[in-house]
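Breakdown of the fold
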Amino acid sequence: MATSALAAETDVSPIPRRRWATWWTLASIWWALNAITTTVTYGGMMDVTVMHAFRIGVAGALLSIPFTVLAFWLAERLPIDRSTWRSRVPLVLLAGAAMVLAKAVYVIVTNPWIVWYTELPSFASVLSTSVANNLFLFFLLVGLGHALTYARRVQEREEQLGRAELQHLKAQLHPHFLFNALNTVSAFVRTDPEMATQMIAKLSTLLRHALQRESTQEVTLKEEIAVLGAYVDIEQVRFDDRLRVIWQVESDTLYAQVPHLLMQPLVENAICHGIAPSSDIGTVKISAYRRNGTLHLCVLDDGVGRTTPTATGLGVGLTNTRNRLQQLYGRAQTLTVENVIPHGLRVDVSLPFREETVG
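**Here we look at the overall build of the protein chain**
- The secondary structure content of the protein chain amounts to nine helices and seven strands.
- Within the protein chain, buried positions represent 39% of all 359 residues.
- Across the protein chain, the fraction of contacts at a sequence separation of at least 24, relative to all contacts at a separation of at least 6, is 74%.
- By element, 62% of the accessible surface of the protein chain is carried by carbon and sulfur atoms, the whole surface being about 20300 Å².

Here it is as structure tokens:
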């Protein structure tokens, strides 16, 4: 029953190799520095030579490293909090006692080679010294392990919340633009069935991509433009000769990483709110270029522009795009929306330039 209770309290998932490697690396570096400090501090003092001090420092580190990793493991597997301290504090005390006893026995067994003592005292005396030197140290190591564990869990929780928020924002975009595309297709079902069929094929491209990339946050700009092209084709059929689209995408930006479905709401905003309200021929210019480690994306239209100069009333597409950029890149990104003279709207996005990694 006690074993079952302990298993229930413990995270049974295996500890990643990277974490084990981190623990061993931290412990090895710390105790190597301690060995060097011991050598520098005590080498040459009284009857202790430099080599003798070095042997003591290295011998002490060899046993201290695994017990340091044990302390980190206890903090990871059996963290002490308000609800568990009664059952877990005794385990930490037991582990500390094991370290104290092991080091006392270790000193006695290795004394002929390391010469911890010129005249070996009684076991009780060695054990008492081990308590003074190691018990409090072990508790400090357990405390350090708890600090590392809780810091990592807070970071993981923040990352999970961030991913959930990004998925929520992205999920809002899918039905938003698909609903508008379906409206466009439905307008041609009766009047021009052949055109409606072609548009349905384009729409299927959008749907397939949305489903295949549902959990993906970033794609290459080349892939983003390919999907955006299918959307633009649908809108150009809808507006016929009233809509012109100009592409100015520099070749060195095609493999830059961009948020999935970043461009579509920007172009949709330009067409639906800039071009559609006017009876004149409208132009949407889509450009991408790289400057000083930053990717710049721009959607410019010569439509009616925005009636208010503030950032409010951007709609679902632009609002979600701004929120996603903030979640993904923090202060390293910008999104600006401004009217242009004599009429029209310009949306500029800048984000860190990162190319797709291969392999």
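**Some details on the nonpolar core**
- Among the nonpolar cores identified, the biggest contains 43 residues, and Val 267, Val 284 and Leu 297 are the most heavily contacted of them.
- For this core, the element with the highest residue contribution is helix H7 (residues 221-239), accounting for nine residues.
- Ignoring any residue separated from it by four or fewer positions in sequence, one finds Val 284 in contact with Leu 243, Arg 244, Val 245, Ile 246, Ala 270, Ile 271, Ile 275, Val 299, Leu 300 and Asp 301.
- Ala 95, Met 99, Phe 138 and Val 142 belong to the second largest nonpolar core, which has eleven residues in total.

**Topic: a nonpolar patch on the surface**
- A cluster of nonpolar side chains, Leu 101, Val 105, Val 109, Trp 113 and Phe 123, forms an exposed patch at the surface whose accessible area comes to about 510 Å².
- Ranked by residue count, the leading element in the nonpolar patch is helix H4 (residues 85-114), at four residues.
- Note that Leu 101 resides in helix H4.
- With relative accessibility at 44%, the residue Leu 101 sits in the partly exposed group.

**Notes on the confidence of the model for the protein chain**
- Across the protein chain, the average pLDDT comes to 82, with 84% of residues at or above 70.
- Model confidence for the protein chain, summarised as mean pLDDT per element, is weakest for helix H1 (residues 2-9) at 42 and strongest for strand S5 (residues 294-301) at 96.
- This stretch, residues 1-11, has a pLDDT under 50; its non-local contacts, to residues over four places away or in other chains, come to nine contacts.

**Looking at the pattern of salt bridges**
- One pass over the structure, following the stated rule, counts five salt bridges.
- Among the ionic pairs, Glu 250 bridges to Arg 291, the shortest N-O distance being 3.6 Å. Of this pair, Glu 250 sits in the loop between strand S2 (243-249) and strand S3 (257-259) while Arg 291 sits in strand S4 (residues 282-291), and the two are 41 residues apart along the sequence.
- When salt bridges that share partners are traced, they join Arg 19, Glu 76 and Arg 152 into one network.

**Description of the pairing of strand S6 (residues 334-339)**
- Pairing analysis gives six bridges linking S6 to strand S7 (residues 345-352), with the strands arranged antiparallel. Within S7, the position partnered with Thr 336 by the bridge is Asp 348.
- Counted along the chain from S6 to the antiparallel partner S7, the turn is five residues long, and its residue Gly 344 has a positive phi close to 125 degrees.

**What to know about the side chain of Thr 149**
- Residue placement: Thr 149 occurs in helix H5 (residues 123-186).
- You can call Thr 149 buried: its relative accessible area is 4%.
- Setting aside chain neighbours within four positions, we find Thr 149 in contact with Ala 75 and Glu 76.

**Description of the sheet that holds S4**
- As summarised here, the arrangement of the five strands in space is S2-S4-S5-S7-S6, forming an open sheet in which the pairing is mixed. In this open sheet, the two edge strands, each paired with only one partner strand, are S2 and S6. Between one strand and the next, the sheet's axes are offset by a mean angle of 10 degrees, whatever the strand orientation.
- One ladder, built from eight bridges, connects S4 with S5; its direction is antiparallel. Along S5, the bridge assignment pairs Arg 290 with Leu 295.
- Across the sheet, H7 touches S2, S4 and S5, and the angle it forms with S2 is around 165 degrees.
- Here helix H8 (residues 263-275) sits on the sheet and contacts S2, S4, S5 and S7; the angle it forms with S5, its principal contact strand, is near 20 degrees.

**Examining the packing of helix H2 (residues 17-42) against helix H3 (residues 50-77)**
- Orientation of H2 relative to H3, taken along the N-to-C sense of each, is 150 degrees, at an axis distance of 8 Å. If you check the angle between H2 and H3, you find them roughly antiparallel. Crossing of H2 against H3: the hand is right-handed.
- For the contact of H2 with H3, the per-class residue count stands at 17 nonpolar, six polar and two charged.

Thresholds applied
Residues numbered from 1 in each chain as written. Predicted model: local features only at pLDDT ≥ 70, side-chain atom pairs only at ≥ 80, totals over all residues. Heavy atoms only, no water. Helix = DSSP H or I, 4+ residues; strand = E, 2+ residues; numbered from the N terminus. Buried < 20%, exposed > 50% of the residue type's maximum accessible area, 1.4 Å probe, protein only. Contact = heavy atoms within 4.5 Å. Areas by Shrake-Rupley, 256 points an atom, 1.4 Å probe, with all protein chains shown as cover. Core = buried A, V, L, I, M, F, W, Y, C linked by side-chain atoms within 4.5 Å. Patch = residues over 30% accessible without salt bridge, like charges linked within 9 Å, V, L, I, M, F, W, Y side chains within 5 Å. Salt bridge = Lys/Arg side-chain N within 4 Å of Asp/Glu carboxyl O. pLDDT = per-residue confidence, 0-100. Pairing = 2+ DSSP bridges. Axes fitted to C-alpha atoms, helices over the stretch in contact; angles between N-to-C directions. Parallel < 35°, antiparallel > 145°, perpendicular 65-115°, else oblique. Left-handed = near helix turned anticlockwise from the far one by under 90°. Nonpolar A, V, L, I, M, F, W, Y, C, P; charged D, E, K, R; others polar.

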